[in-house]
Amino acid sequence: MTKPLKKVAVTGAAGQIAYSLIFRIAEGDLLGQDQPIALHLIDLPEAEGSLKGVAMELNDCAFPLLKEIKVGSQLESLFEGVHYALFVGAKPRGPGMERKDLLADNGAIFVKGAQALDKTADRSVKVLVVGNPCNTNCLIAMHHAANLPRHNFFAMTRLDQNRAVFQLAEKAKVATTDVSHVAIWGNHSATQVPDFFHAQIRGRPAIDIIQDRAWLEGDFIQKVQKRGAEVIAARGKSSAASASHAIIETFRSLLVPTPQGHWYSLAVSSHKNPYGIPEDLVFSFPCRSLESGVLEIYPGLAMDAFLEQKIALTKKELIEERSLVAHLLKG
Ligand code: NAX
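No experiment lies behind these values; they were computed from the predicted model shown.

Caption draft 1: Layout of helix α5 (residues 134-143). Most of α5 is tucked away, with ten of its ten residues classed as buried. If you check which residues of α5 are buried, you get Cys134, Asn135, Thr136, Asn137, Cys138, Leu139, Ile140, Ala141, Met142 and His143. At its buried positions, α5 is contacted by α4 (99-120), β5 (126-129), β6 (153-155), β12 (264-269), β13 (282-289) and α11 (305-324).

In structure tokens:
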């Protein structure tokens, strides 16, 4: 029997991440090969022409699962009944713009987006924020969607996790599939903490396989933290296909129960977290999806003193970001 239609909304749908992402969603990579979908593509009014072009290309692929396409800039009507909302659209940092200006400008986008979602989306909508600064944008969105559960709001740190997996695999001269248990803690920014301490290579602690603590504490962490800038320097544009792949993997991890003893990285509400991070932040933790569909922060990981010190820095940065957008938060 055919499954009921699922509606997926993507903002920033005329942008470069979306151009890699949308076609994979339509092909069934996000929700599975037996799931009919509707795509609601949202961007600014000036990008509507480009969105129409994307819709034509989608039609020209004749994707069997893609039953409906809507395009436009009207948030309330395009969020109507959506089951998944991917907030990719955001303003890039312009010349001379400071971090606080970017936070305020993009924050305002998320106030509007969340208010519209709150009014018209399906009540169980799962929301992934990708547009930067994604943790704090996600916090703002949660605050303005009072009728939607906070535990369904996420910010993406999967690309950072994947980057860390590659760095460890390359250093240990193993396949990426040999590397597991990699987590990103904190902010999707240059203060993020890629956790080598709990990482494993072929089921053994990565620190036993890579016996070069100076590399792990230095080059490894910095390489992951600055990989986005490195890609921009090489490509002249920010990461797009790898970001799109990370969005797909984030949803697969959310929707499929996590194997026993494993975790994946996702920034979630810090509410009642087991690691002493203050309340009311969106913080990346090791997470797992239970058989019941519930997402849980993976509990009980013992903290290494070096990582603890790094986590304090990323926590401080998120608290600062929150204070810079205090005027956009509720309550
Ligand atoms: P692009 O500049 O190619 O596309 C952004 C699109 O968003 C544009 O089409 C623009 O018109 C649209 N937009 C702007 N304001 C909007 C609004 N209010 N409503 C709807 N659409 C709006 O950027 P792209 O490379 O696609 O990146 C998108 C966002 O992802 C950026 O904020 C970027 O920093 C962020 N990233 C986040 C990553 C993560 O891991 N969390 C990694 C990749 C990426 O850097």
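Caption draft 2: Structural view of the site of the ligand. Neighbouring the ligand are 21 residues; Gln16, Ile17, Asp43, Val130 and Asn132 lie closest to it. Between the ligand and the protein, one listed contact pairs an oxygen atom with a backbone N or O atom of Ile17 at 3.0 Å. Within the backbone of Met156, an N or O atom sits 3.4 Å from a nitrogen atom of the ligand. In isolation the ligand has 870 Å² of accessible area, and contact with the protein removes 80% of it. A breakdown of the residues in the shell around the ligand according to their chemical character gives eleven nonpolar, nine polar and one charged. The residue makeup of the shell around the ligand includes at least three contributed by each of domain 1 (6-155) and domain 2 (158-322).

Caption draft 3: Fine view of the pairing of β12. With six of six residues buried, β12 lies mostly within the body of the structure. Pairing between β12 and β13: six bridges, direction antiparallel. By the bridge assignment for β13, Ala267 is matched with Ser284.

Caption draft 4: Representation of the sheet that holds strand β10 (residues 200-201) in the model. The strand order across the open sheet formed by three strands is β7-β10-β11, and the pairing between neighbours is antiparallel. In the strand order of this sheet, the two ends are held by β7 (179-180) and β11 (204-205), each with one partner. Strand direction decides the pairing type here: β7 and β10, joined by two bridges, are antiparallel. Looking at the pairing, Ser180 lines up with Gln200 of β10.

Caption draft 5: Representation of the packing of α4 against α11. Interaxial distance between α4 and α11 falls to 9 Å at its minimum, and their mutual angle equals 60°. Considered as vectors, α4 and α11 are oriented oblique to each other. As α4 packs across α11, the resulting crossing turns out to be right-handed. For the pair formed by α4 and α11, the contact residues are Arg99, Lys100 and Leu103 on the first element and Glu317, Glu321 and Leu324 on the second.

Caption draft 6: Local environment of unusual backbone geometry. Of note, the amide linkage connecting Asn132 to Pro133 takes the cis form, showing an omega dihedral of -5°. Considering the arrangement of structural elements, one finds Pro133 in the loop between β5 and α5. Of note in this structure, Ala62 is not a glycine but carries a positive phi near 50°. Within the fold, Ala62 resides in the loop between α2 (48-61) and β3 (66-72). Phi is positive for His181, close to 55°, though the residue is something other than glycine. Inspection of the secondary structure assignment puts His181 in the loop between β7 and β8 (183-185).

Caption draft 7: Geometry of the nonpolar core. Core analysis: the largest hydrophobic core is formed by 74 residues, its most contacted members being Val8, Val10, Ile25, Leu58, Leu86 and Ile247. Among the elements that take part in this core, helix α1 (residues 16-27) stands out by supplying seven residues, more than any other. Both domain 1 (6-155) and domain 2 (158-322) contribute no fewer than three residues apiece to this core. Excluding its chain neighbours within four sequence positions, the residues that come into contact with Val8 are Ile25, Leu30, Leu31, Ile37, Ala38, Leu39, His40, Tyr84 and Leu86. With 32 residues, the next largest nonpolar core counts Ala114, Ala116, Phe153 and Ala155 among its residues.

Caption draft 8: Region of interest: the packing of α1 against helix α10 (residues 241-255). Running from amino to carboxyl end, α1 crosses α10 at an angle of 40°, the nearest separation of the two axes being 7 Å. Comparing their axes, α10 and α1 come out oblique. Like other packed secondary-structure pairs, α1 and α10 cross with a definite hand, here right-handed. Across from Ile17, Ser20, Leu21, Arg24 and Ile25 in α1, the residues of α10 making contact are Ala241, Ala243, Ser244, His245, Ile247, Ile248 and Arg252.

Reading the values: the criteria
- Residues numbered from 1 in each chain as written.
- Predicted model: local features only at pLDDT ≥ 70, side-chain atom pairs only at ≥ 80, totals over all residues.
- Heavy atoms only, no water.
- Buried < 20%, exposed > 50% of the residue type's maximum accessible area, 1.4 Å probe, protein only.
- Helix = DSSP H or I, 4+ residues; strand = E, 2+ residues; numbered from the N terminus.
- Contact = heavy atoms within 4.5 Å.
- Near = heavy atom within 4 Å.
- Polar contact = N/O pair within 3.5 Å; in protein donor to acceptor, adjacent residues only side chain to side chain.
- Areas by Shrake-Rupley, 256 points an atom, 1.4 Å probe, with all protein chains shown as cover.
- Nonpolar A, V, L, I, M, F, W, Y, C, P; charged D, E, K, R; others polar.
- Domains from an automatic or database assignment.
- Pairing = 2+ DSSP bridges.
- Axes fitted to C-alpha atoms, helices over the stretch in contact; angles between N-to-C directions.
- Parallel < 35°, antiparallel > 145°, perpendicular 65-115°, else oblique.
- Left-handed = near helix turned anticlockwise from the far one by under 90°.
- Core = buried A, V, L, I, M, F, W, Y, C linked by side-chain atoms within 4.5 Å.

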